[in-house]
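Here's the letter readout for the chains.
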Amino acid sequence: MAAVTELRCSLCDRAYAPDSVEYTCPDCGMVGTLDVLYDYAALRAHVDRDLLSASADHSMWRFQTLMPLGEASEVPPLRVGGTPLMATPRLAANLGLRAAWVKDDGLNPTGSLKDRASSMVIARALERHIPVVSTASTGNAAAALAGVGASVGADRVKIVIFVPASAPEGKIAQLIVYGATVLLIEDSYDVAFDLCYTLCQEQGWYCRNTGINPYTVEGKKTVAFEIAEGMGWRVPDAVMVSVGDGNIIAGVYKGFYDLLQLGWIERIPRLIGVQAEGSSPLARAWQQGLRAQDMPAEEADTLADSISAGVPRDRAKALRAVRNTGGGFVTVPDPDILAAIPAFARLTGVFAEPSCAIIYEGAKRALAQGILRADDEVVFLATGNGLKDVKRAQMSVGTGQRVPPDLASIRRALGIS
Ligand SMILES: [Zn+2]
């Protein structure tokens with residue numbers, strides 16, 4: 001087990017004893033999200049990289065020695081992580097990059113990268129005997145929590161979900177199928193977030209809300225571990241990540257940061273965040289050189305529901321991830337996000353939801369702006385499965401051609417004789 005030495009504020013750098021704070025920095029408030037830090041010298045001395053790589057466990061828990069959970073502690077049975085890192089030469093050629101890979105986290109059990117965070121949070125709830133875990137979510141984090149929770153059993157961990165009523169049907173169906181208590185809030189994600197947090201404080205529930213729970217990143221960081229391991233402990237030049245709350249890009253940064261402290265990699269790749277134009281407060285803050293605590297709250301309006309966040313909860317860590325790595329932010333308007341769904345699928349075989357396919361269009365803009373370069377090796381982080389939001393995909397490609405069941409009609413439809 002990796003013993004947590006301290007929780008450190010990503011904003012003011014103040015350190016706290018691991019059990020003295022549950023969520024965010026008491027001095028900075030909600031914007032001061034915390035890093036979970038370890039005794040890296042001890043880990044360097046005791047964790048053998050090759051031994052770890054030889055593990056027969058291909059889930060994210062193969063990295064348990066680098067995660068904040070006791071060795072004997074129970075982890076949820078639903079298999080999360082160990083997703084493919086696939087070389088995609090056609091994507092590289094199409095964009096004019098030296099090499100490209102897709103890390104396909106849409107293949108996680110509930111269809112998104114969020115499974116990693118939810119597995120970590122449920123493991124912590126089990127370890128600490130907390131009977132109720134709750135989250136506000138645009139959909140994916142909620143589905144992940146409901147699914148991982150179901151694998152453990154509602155008699156041990158009950159799941160309470162707050163999602164905007166406008167969330168895609170597929171995601172809402174997942175929640176109900178898994179048996180979570182589901183509240184469809186008739187307002188935005190940002191409003192649902194605050195309601196959930198308030199109720200968690202009041203009821204003593206464990207709050208999984210993205211950003212404010214420092215342990216979500218400790219699950220999400222495993223995707224960076226898998227990228228580095230999959231490349232033979234080399235790292236790419238850049239990683240493309242879609243960004244809403246900023247917690248995934250924070251997780252990718254933390255994973256590479258941990259590996260750098262261990263001496264297992266030589267540098268952290270440039271992290272390039274892609275935001276929807278209608279929900280791009282982080283891109284604007286980066287362009288204007290704003291500090292996280294000075295960012296104004298904004299209205300978010302984009303069809304890319306998973307990255308629709310007017311108040312990015314992990315804004316401090318997201319800005320740090322991009323600034324510390326020499327990366328950047330780009331934005332993509334909704335029509336181009338829709339067009340990216342089939343474009344990305346036809347170049348890679350990966351059917352991505354809108355807020356994931358956006359990274360394809362984001363890469364084009366990053367190349368045009370010099371944030372990506374033609375000689376770069378780039379990993380595209382696919383965060384969510386396209387089957388979660390079929391309606392948006394249909395807005396892009398239509399609903400298909402109906403044909404009468406006879407050969408003449410079929411020949412006519414195919415344009416053959
Ligand atoms: Zn602070």
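Residues numbered from 1 in each chain as written. Predicted model: local features only at pLDDT ≥ 70, side-chain atom pairs only at ≥ 80, totals over all residues.

Trainee: Help me get a handle on the overall build of the chain, residues and values and all.
Mentor: Counting its regular elements, the chain contains 16 helices and 13 strands. In terms of C-alpha radius of gyration, the chain reaches 21 Å, essentially the compact-globule figure of 22 Å for 417 residues. Across its three principal axes, the chain shows a C-alpha extent of roughly 75 × 45 × 45 Å. For the chain, the proportion of its 417 residues judged to be buried stands at 55%. Expressed as a percentage of contacts within the chain between residues at least 6 apart in sequence, the contacts between residues at least 24 apart total 74%. (Helix = DSSP H or I, 4+ residues; strand = E, 2+ residues; numbered from the N terminus. Rg over C-alpha atoms; globule rule 2.2 N^0.38 Å. Buried ≥ 20, exposed ≤ 12 C-beta atoms within 10 Å, placed from the backbone. Contact = placed C-beta atoms within 7 Å.)

Trainee: Any details on the sheet that holds strand S10 (residues 238–242)? Residues and values, ideally.
Mentor: Read from one edge of the open sheet, six strands run S4-S5-S13-S10-S11-S12, paired in mixed fashion. The open sheet has two edge strands, strand S4 (85–87) and strand S12 (328–332), and neither has a second partner. Between one strand and the next, the sheet's axes are offset by a mean angle of 25°, whatever the strand orientation. Note: S10 against strand S11 (residues 270–276), five bridges, orientation parallel. The residue bridging valine 239 from the neighbouring strand is leucine 271, located in S11. Sheet strands in contact with helix H12 (residues 315–324) are S11 and S12, and its direction is about 130° off that of S11. In this fold helix H14 (residues 354–368) packs onto S10, S11, S12 and strand S13 (377–382), with an angle of close to 110° to the strand it touches most, S12. (Pairing = 2+ DSSP bridges. Axes fitted to C-alpha atoms, helices over the stretch in contact; angles between N-to-C directions.)

Trainee: Tell me what's going on with the environment of leucine 199, and back it up with residues and numbers.
Mentor: Mapping leucine 199 onto the fold places it in helix H7 (residues 189–203). Expressed as a C-alpha distance, the spacing of leucine 199 and serine 134, which sit 65 residues apart in the sequence, is 9.0 Å.

Trainee: Describe the environment of alanine 142, listing the residues and the values that go with them.
Mentor: For alanine 142, the location among the structural elements is in helix H5 (residues 140–152). Along the primary structure alanine 142 and glycine 204 are separated by 62 residues, whereas in three dimensions their C-alpha atoms are 19 Å apart. Beyond its immediate chain neighbours, meaning those up to four positions away, alanine 142 contacts Thr135, Ser137, Ile161, Val163 and Leu175.

Trainee: I'd like a description of the sheet that holds strand S7 (residues 158–164), backed by residues and values.
Mentor: One open sheet holds the four strands; their spatial order is S8-S7-S6-S9, and the pairing between them is parallel. Where the open sheet ends on each side, the last strands, each with one partner, are strand S8 (181–185) and strand S9 (206–207). Where S7 lies against S8, five bridges are found, and the strand directions are parallel. Across the sheet, residue valine 160 finds its bridge partner in S8, namely threonine 181.

Trainee: Tell me about the packing of helix H13 (residues 334–348) against helix H15 (residues 390–397), residues and numbers included.
Mentor: The relative placement of two packed helices comes down to the angle between their axes together with the axis-to-axis distance. Viewed as axis vectors pointing N to C, H13 and H15 meet at an angle of 90°, and their least axial separation amounts to 8 Å. In this view, H13 runs roughly perpendicular relative to H15, as classed from their interaxial angle. In this structure, H13 uses Leu338, Ala339, Ile341 and Pro342 to contact H15, whose residues at the interface are Arg392, Ala393, Met395, Ser396 and Val397. Looking at the contact of H13 with H15 residue by residue, the class counts come to seven nonpolar, one polar and one charged. (Parallel < 35°, antiparallel > 145°, perpendicular 65-115°, else oblique. Nonpolar A, V, L, I, M, F, W, Y, C, P; charged D, E, K, R; others polar.)

Trainee: Summarise the packing of helix H4 (residues 114–127) against H5; cite the residues concerned and give the values.
Mentor: H5 packs onto H4 with a crossing angle of 45° between their chain directions and a minimal axis gap of 8 Å. By the angle between their directions, the pair H4 and H5 is classed as oblique. Along this stretch, H4 crosses H5, giving a crossing that reads as right-handed. Residues Lys114, Asp115, Ala117, Ser118, Ser119, Ile122 and Leu126 of H4 pack against Asn140, Ala141, Ala144, Leu145, Val148, Gly149 and Val152 of H5. Partitioned by chemical class, the residues of the contact of H4 with H5 number eight nonpolar, four polar and two charged. (Left-handed = near helix turned anticlockwise from the far one by under 90°.)

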